[in-house]
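So the chains spell out like this:
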Amino acid sequence: YQRRVHGDNNIRNQFQQTIMFLQGVWRGLGKVIEGNLSYREELTITQLKGNVFSMIQRTQHPETGNALHSEQGYIRLFPESEGANKGRAEFIISHPFGVGEIEEGTYDETTVRVETTQLVRSATAREPYTTKLVRVFQFVDGRLSYKVQMATTKQDLYDHLEAVLERST
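A brief report on the enclosed structure follows.

How each quantity is defined
Residues numbered from 1 in each chain as written. Predicted model: local features only at pLDDT ≥ 70, side-chain atom pairs only at ≥ 80, totals over all residues. Heavy atoms only, no water. Helix = DSSP H or I, 4+ residues; strand = E, 2+ residues; numbered from the N terminus. Buried < 20%, exposed > 50% of the residue type's maximum accessible area, 1.4 Å probe, protein only. Phe/Tyr/Trp six-rings, centres within 6.5 Å; stacked < 30°, edge-to-face > 60°. Lys NZ or Arg CZ within 6 Å of the ring centre and 35° of its normal. Pairing = 2+ DSSP bridges. Axes fitted to C-alpha atoms, helices over the stretch in contact; angles between N-to-C directions. Salt bridge = Lys/Arg side-chain N within 4 Å of Asp/Glu carboxyl O. Core = buried A, V, L, I, M, F, W, Y, C linked by side-chain atoms within 4.5 Å. Contact = heavy atoms within 4.5 Å.

**What about the overall build of the protein?**
And then number 1: The secondary structure content of the protein amounts to two helices and 10 strands.
And then number 2: For the protein, the sequential pattern of α-helices and β-strands runs α-α-β-β-β-β-β-β-β-β-β-β.
And then number 3: Considering the protein as a whole, with its 169 residues, one finds that 39% of them fall into the buried category.

**Concerning the packing of aromatic side chains**
And then number 1: Applying the stated criterion across every chain, the model contains four aromatic pairs.
And then number 2: Aromatic side chains Phe-21 and Phe-139 sit 5.6 Å apart centroid to centroid with 20 degrees between the ring planes, which places their arrangement in the stacked category. Of this pair, Phe-21 sits in helix 2 (residues 9-22) while Phe-139 sits in strand 8 (residues 130-140); the two residues are 118 residues apart in sequence, bridging distant segments of the chain.
And then number 3: Ring centres of Phe-137 and Tyr-146 lie 5.7 Å apart, and the angle between their planes is 50 degrees; this geometry places the pair in the tilted category. Tyr-146 matches Phe-137 in its accessibility class, with the two residues each being buried.
And then number 4: Here the aromatic residues Phe-21, Trp-26 and Phe-139 are joined through ring pairs into a cluster of three or more.
And then number 5: Note that Arg-121 overlies the ring of Tyr-129, its terminal NZ or CZ placed 4.1 Å from the centroid.

**Here we look at the sheet that holds strand 6 (residues 99-107)**
And then number 1: The 10 strands lie next to each other as 1-2-3-4-5-6-7-8-9-10, forming a closed barrel whose pairing is antiparallel. Strand-to-strand twist in this sheet, taken as the mean axis angle between neighbours without regard to direction, amounts to 25 degrees.
And then number 2: Pairing between strand 5 (residues 88-95) and strand 6: eight bridges, direction antiparallel. Note on strand 6: the bridge partner recorded for Ala-89 is Gly-105.

**Points about the pattern of salt bridges**
And then number 1: With the rule as written, the count across this model stands at 10 salt bridges.
And then number 2: Taking the shortest distance from any N to any O, the salt bridge between Glu-103 and Arg-135 comes out at 2.9 Å. Residue Glu-103 is found in strand 6, and its partner Arg-135 is found in strand 8; the two are separated by 32 residues along the sequence. Like Glu-103, the residue Arg-135 is buried in the burial classification.
And then number 3: Between Lys-132 and Glu-115 there is a salt bridge, and its shortest N-O distance comes to 3.1 Å. Of the two residues, Lys-132 is situated in strand 8 and Glu-115 in strand 7 (residues 111-121); the sequence distance between them amounts to 17 residues.
And then number 4: On the basis of relative accessible area, Lys-132 is assigned to the partly exposed category, the value being 28%.
And then number 5: We classify Glu-115 as partly exposed; its relative accessible area is 25%.
And then number 6: Among the ionic contacts, a cluster of salt bridges with common partners joins Glu-71, Glu-101, Glu-103 and Arg-135.

**Observations regarding the nonpolar core**
And then number 1: Ranked by size, the top nonpolar core spans 29 residues in total, and within it Leu-43, Leu-77, Phe-91, Val-112 and Tyr-146 carry the most contacts.
And then number 2: With residues near it in sequence (within four places) discarded, Tyr-146 still touches Tyr-39, Glu-41, Gln-57, Val-136, Phe-137, Leu-161, Glu-162, Ala-163 and Leu-165.

And the structure:
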């Protein structure tokens, strides 16, 4: 992998800048836009090797500290030098309520944008079923923000979540 991005400094720099803005433990406040529910969040992104990262996201009620939601999975980034995978990002995420998702998209030095390409559900997953997710992460002024849009079997794509996080480590 290192040999593939070693030869072109611009490609290597773009990849390194993306790694820098993603990696770390991020904490902050988010909200469910519909219903205006706030939550505290911790997002941990760790480079495992080369272009592969682990991701663990947990949210809590801001006052009680009770767990609200969690998801975990992997992020894979493919630098421009990889031909058909130019600036490509892939997320593979699992949820404790019986859903697994694959999201694909693009990245640059400050933004990662992915959307659902595949969703799978266990037999015990409950309706309304998620049918599509779009996630956009942006790094601005030392903060990581994200917005998530979601569609379900009962509602077209809508703004679902947003958060602003600060790096704690």
